[in-house]
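An overview of the molecular structure
Given next are the chains, with one letter for each unit.
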Amino acid sequence: MDTTNATHAIRELVARSQEAQTDPEVLPALHTSDLVLINLAGRRVFGREAFESAMTAALASPLRDVRTTLEVDDIRFVRPDVAIVSLTKTVHDERPDAQGQGPSDFPARGAMTYVATRDEDDNWRIALAQTTPIA
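One structure accompanies this document, and this report is about it. (Residues numbered from 1 in each chain as written. Predicted model: local features only at pLDDT ≥ 70, side-chain atom pairs only at ≥ 80, totals over all residues. Heavy atoms only, no water.)

A short note on the overall build of the chain
The cut-off we apply is this: Helix and strand labels come from DSSP, where a helix needs a run of H or I of at least four residues and a strand needs a run of E of at least two; each type is numbered from the N terminus. Radius of gyration here uses only the C-alpha atoms, and the compact-globule reference equals 2.2 Å multiplied by the residue count raised to the power 0.38. Burial status follows relative accessibility: with a 1.4 Å probe on protein chains alone, a residue under 20% of its type maximum counts as buried, one over 50% as exposed, and anything between as partly exposed. By the convention used here, residues are in contact when the closest approach between their heavy atoms is within 4.5 Å. Per-residue and other accessible areas follow the Shrake-Rupley method at a 1.4 Å probe size, with only the shown protein chains counted as cover for residues. The charge count treats Lys and Arg as positive and Asp and Glu as negative. His and the chain ends do not count. Charged side chains are reduced to one point each, which is NZ for Lys, CZ for Arg, CG for Asp and CD for Glu.
Across its full length, the chain holds two helices and six strands. Its helices and strands taken in sequence order, the chain reads α-β-β-α-β-β-β-β from the N to the C terminus. Its C-alpha atoms give the chain a radius of gyration of 15 Å, within 12% of the compact-globule value 14 Å for 135 residues. Considered along the principal axes of its C-alpha atoms, the chain spans approximately 50 × 30 × 20 Å. With 135 residues in all, the chain has 35% of them scored as buried. Sequence separation of at least 24 residues holds for 53% of the intrachain contacts in the chain that already meet a minimum separation of 6. Just so you have it, the chain exposes about 7,900 Å², and 48% of that area is on carbon and sulfur atoms. Computed over 14 positive and 21 negative side-chain charges, the inter-centroid distance for the chain is 4 Å.

Considerations on the pattern of salt bridges
So the rule is basically this: Whenever a carboxyl oxygen of Asp or Glu lies within 4 Å of a side-chain nitrogen of Lys or Arg, that contact is scored as a salt bridge.
As enumerated under the stated definition, the model contains four salt bridges in all. Notably, a salt bridge pairs Arg125 with Asp119, separated by 3.8 Å at the nearest N-O pair.

Concerning the sheet that holds strand 3 (residues 66–79)
Operational definition: The rule for pairing is simple: two strands pair if DSSP sees at least two bridges between them. Here an axis means a line fitted to C-alpha atoms, over the contact stretch when the element is a helix, while the angle between two N-to-C directions is reported on a 0 to 180 degree scale.
In spatial order, the strands read 2-1-6-5-4-3; together these six strands make up an open sheet with mixed pairing. One side of each edge strand has no neighbouring strand; the edge strands of this open sheet are strand 2 (44–46) and strand 3. The average undirected angle you get between the axes of adjacent strands in this sheet is 15°. Alignment of strand 1 (residues 31–38) against strand 6 (residues 124–134), held across four bridges, turns out to be parallel. Within strand 6, the residue paired with Leu37 across the bridge is Ala129.

Notes on a negative patch on the surface
Rules: A patch is a set of surface residues, each over 30% in relative accessible area and not in a salt bridge, joined within 9 Å for like charges and within 5 Å for the nonpolar side chains Val, Leu, Ile, Met, Phe, Trp and Tyr.
A surface patch of like charges, here negative, comprises Asp23, Glu25, Glu49 and Glu52. With respect to the element layout, Asp23 can be found in the loop between helix 1 (4–19) and strand 1.

Quick look at the nonpolar core
Here is the rule: For the purposes of this section, nonpolar cores are sets of buried Ala, Val, Leu, Ile, Met, Phe, Trp, Tyr and Cys residues that join through side-chain atoms within 4.5 Å.
The biggest cluster of nonpolar side chains holds 26 residues, and the ones touching the most others in it are Val85, Leu87, Tyr114 and Trp124. Every element with two or more residues in this core is listed here: helix 1, strand 1, helix 2 (48–59), strand 3, strand 4 (82–93), strand 5 (109–118) and strand 6. Here Leu87 is in contact with Val14, Leu70, Glu71, Val72, Asp73, Gly110, Ala111, Met112 and Tyr114, once residues within four sequence places are set aside.

As for the pairing of strand 4
Summarising the sheet, strand 3 and strand 4 pair through twelve bridges and their orientation is antiparallel. The residue of strand 4 that forms the bridge with Glu71 is Thr88. Two successive antiparallel strands, strand 3 and strand 4, enclose a turn made up of two residues. Taken together, the nine bridges between strand 4 and strand 5 define a ladder with antiparallel strand orientation. Looking at strand 5, one finds that Val85 is bridged to Tyr114.

This is the structure in structure tokens:
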């Protein structure tokens, strides 16, 4: 199985998801409609609509000042249209309360896993996103 093009497309998907982390119209569209998302705090969200709602609420709170960066560590193909993507998530907590006024309640890094699937239009989307804090 030649995975060169798919690997490139998945790396682009990861880059777009990082760029869109403060855009509740763009980021959810990079996910499947039936996605499962478990965030760094352990909150589980089912479905794109619930994700969009949770994201909109988070961006209206001090969480809007918490950014993350993603580094792809590994991509493994289960099938030509399904990939497990291992990432390292770095948290940049820029909330005013977090700057010099005590430790952040977010871990600085997380081990993140995406399950990415390719749809009938040859677009890759995130079907599962799960983050485990790294102590």
